[in-house]
Structure formats: C-alpha cells, structure tokens
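Breakdown of the fold
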Amino acid sequence: MRMNMWRQPMNTDRQALVLAQWLSPAYPIGAFAYSHGLEAAIHQGAVRTAGELEDWLSDILVHGSGRNDCILLRAAHGCATLEDLNAVDMEAQANAASGERLLEMRLQGAAFCKTTSAICGRSIPDLTLPVAVGYASGQMNLSVSLTAVMYLQAFVSNLVSAAMRLLPIGQTESQIMVARLTPLCETVAYQTEGTGLDALQSSAFLSDVAAMRHETLEPRIFRS
C-alpha cells in the first residue's frame with residue numbers, strides 16, 4: 001500500500017505554521033505531564049542550577065533521545081508502506097530506555113495521532129511520538145529537516161518548562177536557555193540526515209538512569 005495521502009504543495013511559511021500548531025504546548029498531547037526523567041535527576045541533586053540544566057539538555061540532544069528521535073522521525077517521514085512504518089515504530093519502542101520513557105512516547109504519540117487525524121480527516125495509526133510526527137509530516141509533504149528542528153526545539157522547551165516547576169529558574173532565564181539551545185537543535189537535526197536506524201544508541205547514561213529511577217520516585221509531580 002503506497003502512502004501518498006494528504007499531499008499538497010505548501011510554501012515554507014505554511015509548513016512552519018502547520019508544525020508550529022502541532023508542536024505548540026496547546027496541542028493536546030499532555031506533554032506538560034512528562035519530565036523525561038528530569039524530575040528524578042533534580043531530586044537526586046544531579047541538576048541543581050540553570051547551568052547544569054543546560055548541560056543536561058545539551059547531552060540529551062547530542063548523545064541521547066534527542067538525536068534518536070530525529071533518526072526515528074526521518075525514517076518515518078520516508079516510509080512508503082504500513083509495514084515499513086510499523087518496523088520503525090517497533091525500533092522506537094525497543095530503544096526506549098525505561099518503562100516510563102516508553103509510556104511517555106506511546107501516550108503522547110497516541111494523543112498526537114488522534115488530534116491530527118481529526119484535523120486532517122484521515123486516520124493515523126497509533127504510533128510513538130517521534131514516529132507519529134515524522135509520518136504525519138511526510139504525509140503532509142512537509143520538510144523533514146524543518147520538522148526535525150522544530151520537534152527538538154519543542155522537546156527542549158517542554159523540559160525547560162518542567163524544570164521551572166522544580167528549580168529556582170525564572171521565565172526570562174528559561175527563554176534565554178531555549179534560545180541558546182536552539183542552534184544545537186538545528187545542528188543535531190541536520191546531522192541525522194541520511195542516518196539509518198542502525199545508528200540508534202544512547203550514551204546519555206545519567207538521563208537514562210534518571211528515567212529508570214523516576215519509576216519509583218515518591219512523591220513526584222510528573223509521569224516520567
């Protein structure tokens with residue numbers, strides 16, 4: 001089955017507007033409920049200051065799930081069959097570092113698929129979040145690189161927002177941090193161009209361990 005639904009010509013401005021809607025905090029995928037293990041890292045004292053938070057997020061982008069998500073997003077964007085798409089999604093699930101991180105990917109992805117299906121009038125199967133965004137972007141004929149860059153910036157923005165509820169970091173300082181990390185989002189997104197699924201790996205070990213420890217953290221605010 002060839003997948004060429006919804007394809008229509010869009011200029012760059014229109015593509016950016018579609019992605020801005022999908023990746024907005026207002027898009028109902030419940031991203032505000034997840035910290036990606038950051039809550040456990042802060043609880044354990046691994047992240048205590050704005051500088052340490054920025055370093056933590058940089059490592060996730062370059063060496064951890066940020067890079068992996070871009071690889072998965074690009075792979076899903078180019079899927080020609082449902083079989084290929086399901087294979088990419090299985091890789092995404094297999095590479096989740098913990099049960100909570102898998103739950104985070106699956107629940108946010110399912111919510112994204114439900115809302116985007118309603119908007120577009122076409123059914124999207126439940127997928128993990130990076131695979132869902134990549135697939136929908138491909139079906140809408142959106143730029144895969146633009147999608148990857150904006151996906152990573154939204155990912156960073158969500159984690160900075162989570163940290164604001166856990167650390168003494170103000171709104172202005174948080175937005176400065178997002179602005180400083182945006183060029184890194186662009187670099188990581190473009191470095192994954194042409195990278196296959198066999199390159200999926202994580203050496204952001206502290207982030208992965210924090211995600212595992214969060215499963216038993218009490219009390220806690222976030223679901224991951």
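Before any of the text, the structure's been laid out above.
Let me sum up the structure you'll find in this document. Note that the structure is predicted; figures quoted are calculated from it, not measured.

Further remarks concern the side chain of H36. Its location among the elements puts H36 in the loop between helix 1 (12-22) and helix 2 (38-43). Dropping the residues within four chain positions of it, H36 is found in contact with I60, S65, R101, E104, F155, L159, S207 and S224.

What follows concerns the environment of P25. Counting through the fold element by element, P25 comes out in the loop between helix 1 and helix 2. Once the C-alpha coordinates of P25 and A154 are considered, the two residues, 129 residues apart in sequence, prove to be 8.1 Å apart.

On to the packing of aromatic side chains, then. For the structure shown, the criterion picks out two aromatic pairs. Consider the rings of W22 and F112, whose centres lie 5.5 Å apart with planes at 90°: the pair is edge-to-face. Remark: F112 occurs in helix 6 (residues 99-120) and W22 occurs in helix 1; sequence separation between them is 90 residues. Residues W22 and F112 agree in their burial class; the two are buried. Aromatic side chains Y27 and F112 sit 5.7 Å apart centroid to centroid with 50° between the ring planes, which places their arrangement in the tilted category. With Y27 in the loop between helix 1 and helix 2 and F112 in helix 6, this pair connects stretches of sequence that are 85 residues apart. Here Y27 matches F112 in class, with each residue buried.

At their nearest, the axes of helix 4 (residues 65-77) and helix 5 (residues 82-94) sit 9 Å apart, and the two run at 170° to each other. By the angle between their axes, helix 4 is roughly antiparallel relative to helix 5. The segment helix 4 lies against helix 5, with L72, A75 and A76 engaging L85, V88, E91 and A92. Per-class residue counts for the contact of helix 4 with helix 5 are six nonpolar, no polar and one charged.

Reading the values: the criteria
- Sequence order as written defines residue numbering, which begins from 1 separately in each chain.
- Note on the predicted model: pLDDT of at least 70 is required for a residue's local features to be given, and 80 or more for side-chain atom pairs to be given and counted; whole-chain, interface and lining totals, by contrast, use all residues.
- In computing side-chain values, all of the structure's heavy atoms are included and hydrogens and water are not.
- Helix and strand labels come from DSSP, where a helix needs a run of H or I of at least four residues and a strand needs a run of E of at least two; each type is numbered from the N terminus.
- The contact rule is simple, with two residues in contact once any of their heavy atoms fall within 4.5 Å.
- Centres within 6.5 Å are what make two rings of Phe, Tyr or Trp a pair, Trp counting through its six-membered ring; a difference in plane orientation under 30 degrees is then read as stacked, over 60 as edge-to-face, and the rest as tilted.
- Partly exposed residues are those whose accessible area sits between 20% and 50% of the maximum for their type, while under 20% is buried and over 50% is exposed, using a 1.4 Å probe and protein chains only.
- With axes taken as lines fitted to C-alpha atoms, and helix axes fitted only over the stretch in contact, angles between N-to-C directions fall between 0 and 180 degrees.
- The scheme is simple: roughly parallel for angles under 35 degrees, roughly antiparallel for over 145, roughly perpendicular for 65 to 115, oblique for anything else.
- In this classification, Asp, Glu, Lys and Arg are treated as charged, Ala, Val, Leu, Ile, Met, Phe, Trp, Tyr, Cys and Pro as nonpolar, and every other residue, Gly included, as polar.

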